[in-house]
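As a plain string of letters, each chain reads:
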Amino acid sequence: MNNKNTKNTKNTKNSKTNLLNVIYILLAGILWGCMGLFVRPLSQKGLNSWDIVFLRAVLTAVCMGIFLLIYDRRLFKIKLKDIWCFLGTGLLSIVFFNLCYFKEITLTSLSVAAILLYTAPAFVMIISRLCFKELLTRRNVIALIFSFVGLIFVTGVIGDSGRLTLRTLLIGLGAGLGYALYSIFGRYALERGYHSFTISFYTFLFATIGTVFFVSPITVGKAAFSSPKSVLLSITFVLVSTVIPYIIYTIGLKAVENGKAAIIASIEPVVATMNGILWFHEKMTPGVLVGIVLVLGGIVISNSSSKQRM
């Protein structure tokens with residue numbers, strides 16, 4: 001009886017832990033979906049897309065660095081042989097996906113670019129199957145289909161006039177691959193025992209180094225810190241859209257499979273769309289509503305208990 005009670009207690013604790021990590025990932029997606037609330041005001045101050053990526057990276061690295069100095073300086077320590085994990089999250093993920101994505105939106109419509117970016121969950125599932133032996137279950141594949149079709153409706157890509165050539169397709173898929181690589185390299189870093197705070201700091205330190213070549217830091221600094229209001233906007237932007245979501249997403253990866261995490265995080269464009277409707281008076285169409293329901297359905301399906309293989 002004692003053994004049974006102990007097992008039941010452990011199972012209950014594991015279930016609560018898994019649910020908490022799912023909530024972390026869901027919350028990260030919601031916070032990423034709020035990015036547009038900050039990007040538009042920053043754009044009005046004269047910052048272009050690369051300027052905003054640089055600002056996001058450098059302020060995140062600074063904030064995380066100050067936090068680690070206060071919280072635990074030991075978290076700065078990484079092994080030289082593991083530096084590739086952080087080069088992966090910082091350069092191959094953050095910098096590469098932004099480079100591809102911003103190039104993509106100059107070649108085709110925003111809706112087509114967004115759909116190609118959200119091929120990321122499929123890349124995560126395939127790479128995680130090869131690298132981490134994660135199960136490719138029917139339920140996760142069905143959830144992926146629900147989410148992807150839902151995103152097609154949310155972005156309104158059906159009937160879109162955006163051009164889709166071989167070049168735009170490859171660049172868009174590059175953005176999706178880069179977006180997916182954070183989950184992959186982040187998982188490798190976690191398996192080597194690194195704290196989520198350490199991963200976030202070095203990710204954006206290397207992202208800063210990677211993006212500084214595309215911007216004028218002095219121009220970015222003048223625009224971002226021209227007034228107390230601008231300073232507050234910049235710091236809030238970094239905390240809400242980067243520091244907090246990347247930390248809690250990485251924590252969530254400890255107990256949630258990469259493929260499932262990527263599907264859960266697909267709530268991001270849904271939240272972005274809802275923010276557009278609520279704050280910028282964009283239209284709520286029947287297609288958007290259907291898309292939101294499908295994305296939410298995909299998230300629910302991905303979190304059911306089936307483990308049946310393909």
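Residues numbered from 1 in each chain as written. Predicted model: local features only at pLDDT ≥ 70, side-chain atom pairs only at ≥ 80, totals over all residues. Heavy atoms only, no water.

Caption draft 1: Seen up close, helix α9 (residues 196–211). Relative to the 22 Å expected for 16 residues at 1.5 Å per residue, α9 spans 22 Å between its end C-alpha atoms, a close match to the ideal helical length. Along α9, 14 of the 16 residues are buried, which leaves the element largely enclosed by surrounding structure. (Helix = DSSP H or I, 4+ residues; strand = E, 2+ residues; numbered from the N terminus. Expected span 1.5 Å × (residues − 1). Buried < 20%, exposed > 50% of the residue type's maximum accessible area, 1.4 Å probe, protein only.)

Caption draft 2: Seen up close, the packing of helix α4 (residues 83–107) against helix α8 (residues 166–191). Relative to each other, α4 and α8 sit at 160 degrees, their axes nearing to 8 Å. By the angle class used here, α4 and α8 are roughly antiparallel. As α4 runs across α8, the sense of the crossing is left-handed. Counted by class, the contact of α4 with α8 contains 17 nonpolar, eight polar and three charged residues. (Axes fitted to C-alpha atoms, helices over the stretch in contact; angles between N-to-C directions. Parallel < 35°, antiparallel > 145°, perpendicular 65-115°, else oblique. Left-handed = near helix turned anticlockwise from the far one by under 90°. Nonpolar A, V, L, I, M, F, W, Y, C, P; charged D, E, K, R; others polar.)

Caption draft 3: Highlighting the nonpolar core. Within the largest apolar cluster, 89 residues are counted, with the highest numbers of intra-cluster contacts made by W32, F86, Y101 and Y249. It is α8 that contributes the most residues to this core, 11 residues altogether. Not counting chain neighbours up to four residues away, the residues in contact with W32 comprise R56, Y179, S241, P245, Y246, Y249, A265 and E268. (Core = buried A, V, L, I, M, F, W, Y, C linked by side-chain atoms within 4.5 Å. Contact = heavy atoms within 4.5 Å.)

Caption draft 4: Structural context of helix α3 (residues 49–71). Between its first and last C-alpha atoms α3 spans 32 Å; for 23 residues at 1.5 Å apiece the expected length is 33 Å, and the two agree. At the N-terminal end of α3, a side-chain oxygen is found 3.1 Å from the backbone nitrogen of W50, two or three residues along, and the residue is N48. (Polar contact = N/O pair within 3.5 Å; in protein donor to acceptor, adjacent residues only side chain to side chain.)

Caption draft 5: Expanded view of the side chain of T89. Note that T89 resides in helix α4. Classification of T89 by relative accessible area gives buried; the value is 0%. With residues up to four places along the chain from it excluded, the contact list for T89 reads I94, Y182, F185, G186 and T203.

Caption draft 6: Expanded view of the packing of aromatic side chains. All told, the structure shown has 21 aromatic pairs when counted by the stated rule. On the basis of an interplanar angle of 45 degrees and a centroid distance of 5.5 Å, the ring pair of F86 and Y202 is categorised as tilted. Placement of the pair is F86 in helix α4 and Y202 in helix α9, with a sequence separation of 116 residues. For F86, a relative accessible area of 0% translates into the label buried. Residue classification places Y202 among the buried residues on the basis of a relative accessible area of 12%. Aromatic side chains F132 and Y188 sit 4.8 Å apart centroid to centroid with 50 degrees between the ring planes, which places their arrangement in the tilted category. Placement of the pair is F132 in helix α6 (residues 120–132) and Y188 in helix α8, with a sequence separation of 56 residues. Taken together, the ring pairs connect W32, Y182, F204, Y246 and Y249 into an aromatic cluster. (Phe/Tyr/Trp six-rings, centres within 6.5 Å; stacked < 30°, edge-to-face > 60°.)

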